[in-house]
Amino acid sequence: MEGLQAKGIHPGLAVIIVGDDPASRVYVNNKKKACAEIGIYSEEHALPAETTEGELLSLIRTLNTRKEISGILCQLPLPKHICEETVLLAIDPKKDVDAFHPVNVGKIMIGDYDFLPCTPAGVMELIRESGIDPAGKECVVVGRSNIVGKPQAMLLLHAHGTVTICHSRTQNLAEVTRRADILVAAVGRANFITADMVKEGAVVIDVGMNRNAEGKLCGDVDFEGVKDKCAAITPVPGGVGPMTIAMLMKNTVRAAQL
Ligand code: NDP
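Definitions and cut-offs
- Residues numbered from 1 in each chain as written.
- Predicted model: local features only at pLDDT ≥ 70, side-chain atom pairs only at ≥ 80, totals over all residues.
- Heavy atoms only, no water.
- Helix = DSSP H or I, 4+ residues; strand = E, 2+ residues; numbered from the N terminus.
- Rg over C-alpha atoms; globule rule 2.2 N^0.38 Å.
- Buried < 20%, exposed > 50% of the residue type's maximum accessible area, 1.4 Å probe, protein only.
- Contact = heavy atoms within 4.5 Å.
- Areas by Shrake-Rupley, 256 points an atom, 1.4 Å probe, with all protein chains shown as cover.
- Salt bridge = Lys/Arg side-chain N within 4 Å of Asp/Glu carboxyl O.
- Near = heavy atom within 4 Å.
- Polar contact = N/O pair within 3.5 Å; in protein donor to acceptor, adjacent residues only side chain to side chain.
- Nonpolar A, V, L, I, M, F, W, Y, C, P; charged D, E, K, R; others polar.
- Pairing = 2+ DSSP bridges.
- Axes fitted to C-alpha atoms, helices over the stretch in contact; angles between N-to-C directions.

Q: Explain the overall build of the protein to me, and be specific about the residues and the numbers.
A: When you go through the protein residue by residue, the secondary structure sums to 10 helices and 10 strands. Rg of the C-alpha trace for the protein: 19 Å, near the compact-globule value of 18 Å for 258 residues, within the 12% margin. By principal-axis analysis of the C-alpha atoms, the protein measures approximately 50 × 40 × 30 Å. Within the protein, buried positions represent 47% of all 258 residues. Residue pairs at least 24 apart in sequence account for 66% of intrachain contacts in the protein once pairs closer than 6 positions are excluded. On the protein, roughly 12700 Å² of surface is accessible, and the fraction owed to carbon and sulfur atoms is 53%.

Below, the structure written as structure tokens:
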């Protein structure tokens, strides 16, 4: 950070939260904490659940113009009466540190991007830092959401993996996942990926963040059942989650550089 500041680069992140969803509150607090830890200026805009779409858009327009704010993040989900698409479109693509704006989504598709969405980028960083090269490998992503599954598949493709995307209509799912050298689970169901769905020696990345019957945070993978079968596996908590925050910090610095 000191090096950046010496170059006149002062990253600043504005985090918007609308309503009082407890999970969103935890995520926003973690993001603010990470900013404080590494010396990024951050400000929180906590708006009541009854905030109108117009009021939210007006705040975003103001943040778009403020020089000390390099990144803007609007925590999802938003209350039902606010259109998420309209809100994401209002964020200046150069401040879109979540990389959800269609301009940034398109750039990722082409492979010429300023920002990568934080969770898939964090997964790629984990893979790279573990010395694993997806090139030529069978990569299977379970989940096709716009924020995780689809961009994850695209990033694995950019890394020259042979990529398959699975979803709720996939037939013979276990047959497909058993082909995976690299298996990414982004489903949102506790213990969904069981040992019989995993190839011996596979790399298993668990994006899921779920609560089990006891209310404990857990992923999509049956960690205990799978861990002895695979070459590498990420735990939940303590795996992809912290990487998502680290990538948000990276994007905020990148936004300041831009
Ligand atoms: P979504 O609910 O948007 O997407 C879930 C995907 O799983 C969908 O594509 C759905 O298919 C697919 N799916 C559901 N049931 C099945 C099934 N039986 N077989 C195969 N596929 C199925 O979730 P997100 O992508 O937003 O999030 C996924 C998980 O990752 C959640 O647990 C979320 O909390 C977590 N998450 C974690 C983050 C982190 O930082 N660690 C960040 C973001 C999310 P279809 O499209 O057909 O409905």
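Q: Break down the pattern of salt bridges for me, with residues and values.
A: Between side chains of opposite charge, a pair can form as their charged atoms come close. With the rule as written, the count across this model stands at 10 salt bridges. Here Asp114 ties to Lys107 by a salt bridge, and the two come within 3.1 Å at their closest N and O atoms. The shortest N-O distance in the salt bridge between Arg254 and Asp114 comes to 3.8 Å. Residue Arg254 is located in helix H10 (residues 240–257), and its partner Asp114 is located in the loop between helix H5 (102–110) and helix H6 (118–129); the two are separated by 140 residues in the primary sequence. One network of salt bridges, in which partners are shared, links Arg25, Lys32 and Glu44.

Q: Give a detailed account of the site of the ligand, specifying residues and quantitative values.
A: Near the ligand there are 22 residues, and of these Arg144, Ser145, Ser168, Met209 and Thr244 occur at the shortest range. A distance of 2.7 Å separates an oxygen atom of the ligand from a polar side-chain atom of Arg144. Met209 is positioned with one of its backbone polar atoms (N or O) 2.9 Å from an oxygen atom of the ligand. For the ligand, whose accessible area on its own is 940 Å², the fraction buried by protein is 72%. When its residues are assigned to classes, the shell around the ligand shows 10 nonpolar, 10 polar and 2 charged.

Q: Before we move on, can you summarise the sheet that holds strand S1 (residues 12–18) with the specific residues and values?
A: Strands sit in the order S2-S1-S3 across an open sheet of 3 strands; the sheet is parallel. Looking along the sheet, the strands with just one partner apiece sit at the ends: strand S2 (41–47) and strand S3 (71–74). Neighbour-to-neighbour, the strand axes of this sheet turn through a mean angle of 15°, independent of strand direction. For S1 and S3, the ladder comprises 4 bridges, and the chain directions are parallel.

Q: Tell me what's going on with the sheet that holds strand S5 (residues 162–166), and back it up with residues and numbers.
A: Taken in spatial order, the 5 strands of this open sheet run S5-S4-S6-S7-S10, and their pairing is parallel. Across the chains shown, the open sheet's two edge strands, defined by having one partner strand only, are S5 and strand S10 (232–233). Sheet topology note: the strand S4 (residues 138–142)/S5 ladder contains 5 bridges and is parallel. Looking across to S5, one finds that Glu138 is bridged to Thr162. Contacts from helix H7 (residues 149–158) reach S4, S5 and strand S6 (182–185) within the one sheet, and its direction differs from that of S4 by about 170°.

Function cannot be inferred from these measures alone, as they are strictly geometric.
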